[in-house]
Amino acid sequence: MTTATERRHADSRGDGASTGREYVRRAPVPIFGKAFTDGWRALIGWAVGFGVAAFLYLPLFPSMGASADMQKLVDTMPAALVKSLNYDQIGTGSGYTQATIFGLIGFVLISIASIGWGAAALGGDEESGQLELTLAHGVTRVEVAVQRFAAMALKIVLIAVLAFVLVLILDGPAELKLNVAYLVQTCILFGGLALLCGSAAMLCGALSGRRVWGIGGGAFVAVGGYVFNAIGNQSADLEWLHAFSPYHWAYGNYPLTNGADWTSVLAFYGGSVLAGAATALALRRRDIGV
Amino acid sequence: MSHVDTTHRSGRQHHQAGAAGNAIEVVELSKRFGRTRALREVSFTVPRGGVFGVIGPNGAGKTTIMRALLDIIRPTSGRATVLGEDSRNAGPELRRRIGFLPGELSLEGRITGRRLLQHYADISGPVPRGHIDELAERFHLDLDSHVRTLSRGNKQKLGLVQAFMHNPELLVLDEPTSGLDPLMQQEFLSLVKEVRAGGQTVFLSSHVISEVQQAADVVAILRDGQVVTVAGVEQLRQTAVRHLRMTATGIPPAELAERLERLDGVGGLVCRSLASGATEAVATLEGAIRPFIQAVSTLAVTDLVLEEPDLEESVLGLYSAPAASASPVGPERGGRP
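About the criteria used
Residues numbered from 1 in each chain as written. Chains lettered and ligands numbered in written order. Predicted model: local features only at pLDDT ≥ 70, side-chain atom pairs only at ≥ 80, totals over all residues. Heavy atoms only, no water. Helix = DSSP H or I, 4+ residues; strand = E, 2+ residues; numbered from the N terminus. Areas by Shrake-Rupley, 256 points an atom, 1.4 Å probe, with all protein chains shown as cover. Pairing = 2+ DSSP bridges. Buried < 20%, exposed > 50% of the residue type's maximum accessible area, 1.4 Å probe, protein only. Arc of directions from axis to C-beta. Contact = heavy atoms within 4.5 Å. Patch = residues over 30% accessible without salt bridge, like charges linked within 9 Å, V, L, I, M, F, W, Y side chains within 5 Å. Salt bridge = Lys/Arg side-chain N within 4 Å of Asp/Glu carboxyl O. Axes fitted to C-alpha atoms, helices over the stretch in contact; angles between N-to-C directions. Buried area = accessible area lost by both parts, 1.4 Å probe.

### Things to note about the overall build of chain B
Here is step 1: When helices and strands are tallied, chain B shows 12 helices and 14 strands.
Here is step 2: By element, 48% of the accessible surface of chain B is carried by carbon and sulfur atoms, the whole surface being about 14,300 Å².

Structure, rendered in structure tokens:
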């Protein structure tokens, strides 16, 4: 039996595990670990969805984008529509991959996933009443915000890596003839844009304590950016809208064809880190669960 | 029984760790939510090693006080000192020494109780090996079911295990017995007695006076964000109002009324004849019940119901503002205070 002095000593360090026999072992980064492992089913779901999309779309390139018939069809469509759908470069493997995967279905999937994660991380957790109990334990609010941000970021990175791997696998069979370096850069933009959406969702959730505001904030960045890009494509008069479109920052320059615009990369990752910091500060100041 | 052993062991530790001073000192604590004043200059102290109860109706501010102690919400003015540290500046180290049960307990449903408790063990004070199982066994709680499949009472038990498992110096429990069946309520009360015997401090809230009476040494009565009174439980018992209803045969209503009216503490007395020929008396009874028992001991009593004092009617009735006393409190309160 441990003596009272020993126990007190262990208590004062808050680290019973190291005494080796008396206390339940504790996880090193519990908030991060939990936030990451909680979502593993969802993560696999999104990964499968992404895989299905890639395997459905990309193998069609030889018969769609690269075919003369398809090009004729695209030529008959109104120019504005073609630009809205990002079909203007559909004749090349890189243009097709961007238009279908990174700029459309993949963008939709990863945006929904990241916004969902971001909105749930703090706003949803507070709304459900669980954040209150977590914060009543031996953690700081900044810790909770930072570790949950990191968990979300890691999940997004994993999806971006998966996107890279899948597209690379399909590159040969689908005759896409992609530049691998540009593919890497595109995936960095792809993940960065999603991270910005997720960070916005997390920040709005932390500010309001409501999941729905988080979703609204994240969707504003994702959908708003997409719409601004589409409208900006319509005429030179409206091109100024591109400046406000994160979607355009990512794909306006056709990164899979021309390489990434590194200013955009900086904007996405820098902006996300700033939003993460603002999230931690916002959470620190607020009354929780009221 | 091993859990008793554990408690006593940790108890000695807490005694030695310093029983001196107060576990909680709340000084003129106020909290506004927009235009609502949830707390108005609330002050009280909770000595170490005691059980302190807060009672009051919903919305009186019990939960707000507890949340302020845990730094979940920040007071508008005033301060609270918890285990010698200012609640506002205290970091995780302080909260590791506290066990908290929120009033509106919400737990993640997708994992088992065991994994959920492991997560809370990861972020609270050190949990002695085996203690979680001891507590779960005590409350007949199955830790291997998914939380979402548990009944409300079983979720509450998980919350209690979570609060007690690291033998914290201070337990802050918001409506701890809500959802528990009577047997488990008794188990909870005996657990509270044990941890108090071990030197841990318990700060709990309830709107059930009987529960607080059984568990607490001292009770603060909270109403509209203000402490109306702080009293010892014995003192409170004296002022408690019970409802009584009795029937007796062989005595006309007038005579029964005359006999009961003389007693101290009887109010709102109504005596009437029943169809069966017996006489029924309904009244409220305040203070000691012995004189009443003596007064009716010679009667042929066929039925006697003496209800547990109810917080809403007894305590709040006594301390309510004049406007509030017009609200329905018992059938007839007569001219009594």
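### Describing the pairing of strand 2 (residues 36-47) of chain B
All names here are of chain B.
Here is step 1: Direction of pairing for strand 1 (residues 22-33) relative to strand 2: antiparallel, over a ladder of eight bridges. Within the sheet, the bridge partner assigned to glutamate 25 lies in strand 2 and is threonine 45.
Here is step 2: Linking strand 1 to strand 2, which pair antiparallel, is a turn of two residues; within it glycine 34 sits at a positive phi near 60 degrees.

### Some points on helix 2 (residues 30-38) of chain A
Here is step 1: Within helix 2 of chain A, the full set of buried residues consists of A:Pro30, A:Ile31, A:Lys34, A:Ala35 and A:Asp38. One side of helix 2 of chain A holds all its buried residues, which, seen down the axis, span an arc of 125 degrees.
Here is step 2: In the core, the buried residues of helix 2 of chain A are packed alongside helix 3 (40-57), helix 7 (130-135) and helix 8 (141-171) of chain A together with helix 4 (113-122) of chain B.

### Quick look at a nonpolar patch on the surface
Residue and element names in this part refer to chain A.
Here is step 1: Taken together, the side chains of Phe55, Leu154, Val157, Leu158, Val161, Val165 and Ile169 present a nonpolar region at the surface, about 550 Å² in accessible area.
Here is step 2: When residues of the nonpolar patch are assigned to their parent elements, the largest contribution, six residues, is made by helix 8.
Here is step 3: Isoleucine 169 sits in the partly exposed class, given a relative accessible area of 48%.

### Considering the sheet that holds strand 10 (residues 226-232) of chain B
Residue and element names in this part refer to chain B.
Here is step 1: The six strands lie next to each other as 6-7-8-3-9-10, forming an open sheet whose pairing is mixed. A single partner strand is all that each edge strand has here, and the edge strands are strand 6 (98-101) and strand 10. With direction set aside, neighbouring strand axes in the sheet form an average angle of 15 degrees.
Here is step 2: The sheet contact formed by strand 3 (residues 51-55) and strand 8 (residues 201-206) spans five bridges and is parallel. Counted as the bridge partner of isoleucine 55 is serine 206 from strand 8.
Here is step 3: Relative to the sheet, helix 6 (residues 152-164) contacts strand 6 and strand 7 (170-174), its axis offset from that of strand 6 by approximately 165 degrees.
Here is step 4: Lying over the sheet, helix 7 (residues 182-197) contacts strand 3, strand 7 and strand 8, oriented at roughly 150 degrees with respect to strand 8.

### Structural notes on the interface of chain A and chain B
Here is step 1: On the chain B side, the residues contacting the 39 residues of chain A number 40 residues.
Here is step 2: When residues of chain A are sorted by the area they lose upon contact with chain B, A:Glu132, A:Leu133 and A:His137 head the list and together hold 16% of the total.
Here is step 3: For the interface between chain A and chain B, the tally reads three salt bridges.
Here is step 4: For A:Asp287, the salt bridge goes to B:Lys31, with nearest N and O atoms at 2.5 Å.
Here is step 5: For the side of chain A that touches chain B, the secondary structure elements donating two or more residues are helix 1 (4-13), helix 2, helix 7 and helix 13 (262-285) of chain A.

### Considering the sheet that holds strand 1 of chain B
Here is step 1: If you trace the four strands from one edge of the open sheet to the other, you get 2-1-4-5 (chain B), paired in antiparallel fashion. Here the strands that pair on one side only, and so sit at the sheet edges, are strand 2 and strand 5 (85-86) of chain B.

The values reported here are purely geometric and, on their own, carry no functional implication.
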